[in-house]
Amino acid sequence: LYQGTSVKSVGRKKCGRKRCTTRRGDRTLRKIVEKDRFQTLGDLRKQWTESGVETSRATVYRRVQEMGYRCRIPQVKPLLNQKQRQKRLTWATEKQHWTVAQWSKREMPKCLKSSVKYPQSVMVWGAMSAAGVGPLCFIKGRVNAASYQEILEHFMLPSAEKLYGDEDFIFQHDLAPAHSAKTTGKWFTDHGITVLNRPANSPDLNPIENLWDIVKRKLRDARPNTLDELKAAIEASWASITPQQCHRLIASMPRRIEAVISAKGFPTKY
C-alpha cells in the first residue's frame, strides 16, 4: 500500500468562456490521451501543440476532464544522491522478474496530510492492495512508533483481513522513523507479518500516490470549507476508489521497475 502528499482546497468562482478548440482538435487530443494514460498535463500540451493546436495548459486540462479522463499531476522529483540511486537500482533489479500476481500480494499504506485554505488540516492513513482499499484512519497529532503501531493494530490488520482474508501477504511501507523503529519491527515479528521495505525517496515505486492524486482532484471539485466538510470529502473520495483502479495501478509495477532500471536509479515518469 502506498502513501500520498498534501492537498489544498480553494474555492473559486466559475465564468463562461468561448470554446477555443475545434472538434477535430479535440479528437486529436483524445487519441493522444489514449496512447498513454500516464502522461502529465505538460506531455499532453506538448503533443497537442505539435499536432497544430496551440493552446494553454488550462484548456488542455478542461478538455481532458470533459472527455472523462484525468491528467496525471506531475510529481516533484525527489533529489537522489548516488547511494540512494544505487539502492533504487538494486531494489528494482531484484524485483525485475516479479509478476503482477506477486505484486498483488503486497499491502501498501501511506499517510496523507490534507488542508483547507485557512488553517485547518487533517492527517489521514490509508492502505491499498490490488484488491482495493482498506478503511481510513484520521490521525491526531504527530505519528511516532507507538501511535503507528496503534494504527497498524486497529486499521492495518482489519485492512488485511478485508483485502486478503486468510491469505498471506507482504506489507510494504517507507523508511519513516516510526516505520523503521525497533519496536515497530518487533510488532511485525510478533504478528507474523513479512515486511518489504522500498528504497527511500521513491514515490514512483508507490502506486498509492496515484490514488491520493484522485482524492486531491475530487477535493478540488468538492471544495470543502470546514474541517468536517474536509473529512467527509476525503472519506467520500476514498470510498469511490474501485478495486479495478487499484489493480491497474499494481499491474503497472513491472513497468515502473523497468523504468527505474532504464534510468539507472534516477527518478522516472511515474
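This is a predicted model, so every value here is computed, not measured.

A.B. asks: Which residues make up the confidence of the model for the protein, and what values go with them?
C.D. replies: Detailed reading of the predicted coordinates is not advisable wherever pLDDT is low. For the protein, per-residue confidence averages 82 on the pLDDT scale, and residues scoring 70 or more make up 84% of the total. When mean pLDDT is taken per element in the protein, helix 12 (residues 253–262) scores highest with 95 and strand 1 (residues 7–9) scores lowest with 41. In this model, residues 1–16 is a region of pLDDT below 50 whose contacts with residues beyond four sequence positions or in other chains number 67 contacts. Confidence over residues 114–119 falls short of pLDDT 50; this stretch has 18 contacts with residues more than four positions distant or in other chains.

A.B. asks: Please give an account of the packing of helix 1 (residues 23–35) against helix 2 (residues 41–50) that cites residues and values.
C.D. replies: In contact at an axis separation of 10 Å, helix 1 and helix 2 are set at 135° when each is read in the N-to-C sense. It follows from the interaxial angle that helix 1 and helix 2 lie oblique. Seen along the crossing, helix 1 lies across helix 2 with a hand that is right-handed. Contacts between helix 1 and helix 2 involve Gly-25, Asp-26, Thr-28, Leu-29, Ile-32, Val-33 and Lys-35 from the former and Leu-44, Gln-47 and Trp-48 from the latter. Within the contact of helix 1 with helix 2, the residues separate by chemical class into 5 nonpolar, 3 polar and 2 charged.

A.B. asks: How would you sum up the packing of aromatic side chains? Please name residues and give values.
C.D. replies: Two descriptors summarise a pair of aromatic rings, namely the distance from one centre to the other and the angle between the planes of the rings. Summed over the entire model, instances satisfying the criterion amount to 6 aromatic pairs. For the pair Trp-212 and Trp-238, a centre-to-centre distance of 4.7 Å together with 25° between the ring planes defines the contact as stacked. A residue pair is termed long-range when its members are at least 10 positions apart, and Trp-212 in helix 9 (residues 208–222) and Trp-238 in helix 10 (residues 227–239) qualify at 26 residues. We note that Trp-212, like Trp-238, is buried. Cation over ring: Lys-95 sits above Trp-98, and NZ or CZ is 5.7 Å from the ring centre.

A.B. asks: Pulling in residues and values, what's your account of the packing of helix 2 against helix 3 (residues 57–66)?
C.D. replies: Here helix 2 crosses helix 3 at 100°, and the two axes come no closer than 9 Å. The pairing of helix 2 with helix 3 is recorded here as roughly perpendicular in orientation. Along the contact surface, helix 2 presents Leu-41, Gly-42, Leu-44, Arg-45 and Trp-48, while helix 3 presents Arg-57, Thr-59, Val-60, Tyr-61, Arg-63 and Val-64. Taken together, the residues that form the contact of helix 2 with helix 3 break down as 6 nonpolar, 2 polar and 3 charged.

A.B. asks: Give me the nonpolar core: which residues, what numbers.
C.D. replies: One finds Met-128, Val-133, Leu-211, Trp-212, Ile-234, Trp-238 and Ile-241 to be the most contacted residues of the largest nonpolar core, which totals 28 residues. Mapped by element, the contributors of at least two residues to this core are helix 4 (82–94), strand 3 (121–129), helix 9, helix 10, helix 11 (243–251) and helix 12. The element best represented in this core is helix 9, accounting for 6 residues. Counting 17 residues, the second largest nonpolar core, distinct from the first, contains Ile-139, Leu-163, Phe-169 and Ala-178.

A.B. asks: Outline helix 6 (residues 145–164), supporting the account with residue identities and numerical values.
C.D. replies: Along helix 6, the helix axis deviates most sharply at Leu-152, where the bend reaches about 35°. Of all the residues in helix 6, the buried ones are Ala-145, Tyr-148, Gln-149, Ile-151, Leu-152, Met-156, Ser-159, Ala-160, Leu-163 and Tyr-164. Here helix 6 starts with a cap whose side-chain oxygen sits 3.2 Å from the backbone nitrogen of Ala-146, and that cap is Asn-144. Count one or two residues on from helix 6 and you reach Gly-165, which has phi positive near 65°.

A.B. asks: Give me the lowdown on the pairing of strand 3, citing residues and values where you can.
C.D. replies: In terms of burial, strand 3 is a largely internal element, 7 of the 9 residues being buried. Taken together, the 3 bridges between strand 3 and strand 5 (residues 137–139) define a ladder with antiparallel strand orientation. Residue pairing for strand 5: Val-124 is matched across the bridge by Phe-138. In this sheet, strand 4 (residues 132–133) lies alongside strand 3 in antiparallel orientation, the contact comprising 2 bridges. Bridging from a neighbouring strand, Ser-129 pairs with Gly-132 of strand 4.

Calculation rules
Residues numbered from 1 in each chain as written. Predicted model: local features only at pLDDT ≥ 70, side-chain atom pairs only at ≥ 80, totals over all residues. Heavy atoms only, no water. pLDDT = per-residue confidence, 0-100. Helix = DSSP H or I, 4+ residues; strand = E, 2+ residues; numbered from the N terminus. Contact = heavy atoms within 4.5 Å. Axes fitted to C-alpha atoms, helices over the stretch in contact; angles between N-to-C directions. Parallel < 35°, antiparallel > 145°, perpendicular 65-115°, else oblique. Left-handed = near helix turned anticlockwise from the far one by under 90°. Nonpolar A, V, L, I, M, F, W, Y, C, P; charged D, E, K, R; others polar. Phe/Tyr/Trp six-rings, centres within 6.5 Å; stacked < 30°, edge-to-face > 60°. Buried < 20%, exposed > 50% of the residue type's maximum accessible area, 1.4 Å probe, protein only. Lys NZ or Arg CZ within 6 Å of the ring centre and 35° of its normal. Core = buried A, V, L, I, M, F, W, Y, C linked by side-chain atoms within 4.5 Å. Bend = angle between axes of the 7 residues up to and from the residue. Polar contact = N/O pair within 3.5 Å; in protein donor to acceptor, adjacent residues only side chain to side chain. Pairing = 2+ DSSP bridges.

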